[in-house]
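Okay, here's what each chain looks like letter by letter:
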Amino acid sequence: MSDRSAARAAVATVSTPDAGAIRHDALRTLEGAASRAELRIAVTAVLGKRSPLALAHRQLGSLDADARKEAGRVLAEVRAELEEVAERRGSELAAAERAAELEADRLDLTEVIPASVADRPVRGHHHPVSATRRSLEDVFVGMGFTVAEGPEIETDWYNFGALNMPPAHPARGMWDTFYLELGEPESTVLRTHTSPVQIHLLEEALASGGLPIHAVMPGRCYRRDTPDARHLATFHQIEGLVVDRAVTFADLAGTIETFTTAYFGSDIHARLRPAYFPFTEPSAEFEITCTLCRGAGCRTCSQTGWIELGGCGMVDPAVFDAVGIDNEEWQGFAFGFGIDRCVQMRHQIADMRLLTENDIRFARQF
Ligand code: PHE
């Protein structure tokens, strides 16, 4: 054998692609991947540019035409098979990882803690928003108020019109409103505040001789707002309405002061700031010291040290007129504030959105 033919024979030996061995090793590598991350590495190792398969492909050139054709066909078959296996393995691993995730997050709803572990089985409790709604009701009932409720779906008249906002009144823009596709366009809304319940109460009082009124009205409200640390699109308010003879702004201020101290404690200060609402005159916004920073300024209170809880004021005579109550004989004050804000401030929750995420680990802390 000449030197040249010996060299050619040697090349031919090393480069004869042993498709069987390549296939066997590659399958083992793919099947051995225990996670999708490992599979990605395995796929590169067996199908990538530097894989034995790719190498064998590059060496086809040293074979004669017939052998090259045959070996090429075999290598292509191996590649197709490996690709299929890799894909199947990928879906298997994805399913297994998803199952493991679900298992890790699973709540055992049948779990009973034996008496030896706990004196009594663990019971659920109210969501902090419901619990707060109840304690706010208690505070006001203690002050002589009754509790009333109204519908969450309102006509334009209850949500705006009767509250001294005739159609196209610019103040309507203060509330980003969800409209229902019901009746005339924009005639039916998801209430943007609990103030329309004032109107229902005034109408009832007028029909049944129910004046004077001392009532609070808690409930859910809706606004087309982007949720952030202090806002939710679905939230809760508690409305207050007092209608009597000779009611003054001092009564309103005293009521708010009493409520704040009863609910937040005497070290939290409240302040009233002049504001505008179409259904009260004069009107004010009331704010309390931010409980997260104690007034120093933080992200939750936008560095102001104060958190706005709600609005209030003396009932505008136009509201009495809208339902036909004599505004010479009767005066009133009203207020409305956010229950979710109260929860947030009472429990120092930096982001209000936590209240709606329904994470049991959050809810358990209350
Ligand atoms: N309804 C007002 C609001 O949601 C608050 C408010 C209630 C103001 C009662 C004055 C009187 O913004």
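Residues numbered from 1 in each chain as written. Predicted model: local features only at pLDDT ≥ 70, side-chain atom pairs only at ≥ 80, totals over all residues. Heavy atoms only, no water.

Caption draft 1: Up close: the site of the ligand. In the region of the ligand, 15 residues are neighbours, and His193, Ser195, Arg223, Gln237 and Gly336 sit closest. Side-chain polar atom of Trp175 to an oxygen atom of the ligand: 3.5 Å apart, as the coordinates give it. Separating an oxygen atom of the ligand from a side-chain N or O atom of Gln237 is a distance of 3.0 Å. The protein chains hide 94% of the 330 Å² of surface that the ligand would expose on its own. Contributions of two or more residues to the shell around the ligand are made by β5 (234–244), β8 (306–315) and β9 (331–338). Broken down by element, the residue count for the shell around the ligand peaks at three residues, all from β9. Class assignment for the residues of the shell around the ligand results in six nonpolar, seven polar and two charged. (Near = heavy atom within 4 Å. Polar contact = N/O pair within 3.5 Å; in protein donor to acceptor, adjacent residues only side chain to side chain. Areas by Shrake-Rupley, 256 points an atom, 1.4 Å probe, with all protein chains shown as cover. Helix = DSSP H or I, 4+ residues; strand = E, 2+ residues; numbered from the N terminus. Nonpolar A, V, L, I, M, F, W, Y, C, P; charged D, E, K, R; others polar.)

Caption draft 2: Main features of the nonpolar core. Counting residues in each nonpolar core, the largest one holds 40 residues, and the members touching the most others are Phe259, Phe264 and Phe337. Broken down by secondary-structure element, the contributors of at least two residues to this core are α6 (128–142), β4 (213–222), β5, α9 (249–264), β7 (280–289), β8, β9 and α11 (339–347). The element that contributes the greatest number of residues to this core is α9, accounting for five residues. Residues within four places of Phe337 in sequence aside, it is in contact with Leu136, Phe140, His236, Gln237, Ile238, Phe259, Phe286, Leu309, Gly310 and Cys342. (Core = buried A, V, L, I, M, F, W, Y, C linked by side-chain atoms within 4.5 Å. Buried < 20%, exposed > 50% of the residue type's maximum accessible area, 1.4 Å probe, protein only. Contact = heavy atoms within 4.5 Å.)

Caption draft 3: How the structure looks around the domain arrangement of the chain. Domain boundaries assigned for the chain yield domain 1 (3–105) and domain 2 (128–363). Taking the mean C-alpha position of each, domain 1 and domain 2 sit 69 Å from one another. (Domains from an automatic or database assignment.)

Caption draft 4: Expanded view of the confidence of the model for the chain. Averaged over all residues, the pLDDT of the chain equals 91, while 93% of them reach at least 70. Long-range and interchain partners of residues 6–16, a stretch whose pLDDT sits below 50, account for five contacts in this model, where long-range means more than four residues apart. (pLDDT = per-residue confidence, 0-100.)

Caption draft 5: Broad picture of α11. Most of α11 sits inside the fold, with seven of its nine residues counted as buried. Where α11 is concerned, the buried positions are Ile339, Asp340, Arg341, Cys342, Val343, Gln344 and Met345. Residue Gln348 follows α11 closely and has a positive phi angle near 50°.

Caption draft 6: How the structure looks around the pattern of salt bridges. Considering all chains together, one arrives at 20 salt bridges under this definition. In this structure, the salt-bridge partner of Arg106 is Glu103, at a minimum N-O distance of 3.3 Å. Residue Arg106 is classed as exposed on the basis of its relative accessible area, which comes to 54%. Here Arg133 makes a salt bridge to Glu149, at a shortest N to O gap of 2.6 Å. Of this pair, Arg133 sits in helix α6 while Glu149 sits in the loop between β1 (146–147) and β2 (153–155), and the two are 16 residues apart along the sequence. Judged by its relative accessible area of 24%, Arg133 is partly exposed. (Salt bridge = Lys/Arg side-chain N within 4 Å of Asp/Glu carboxyl O.)

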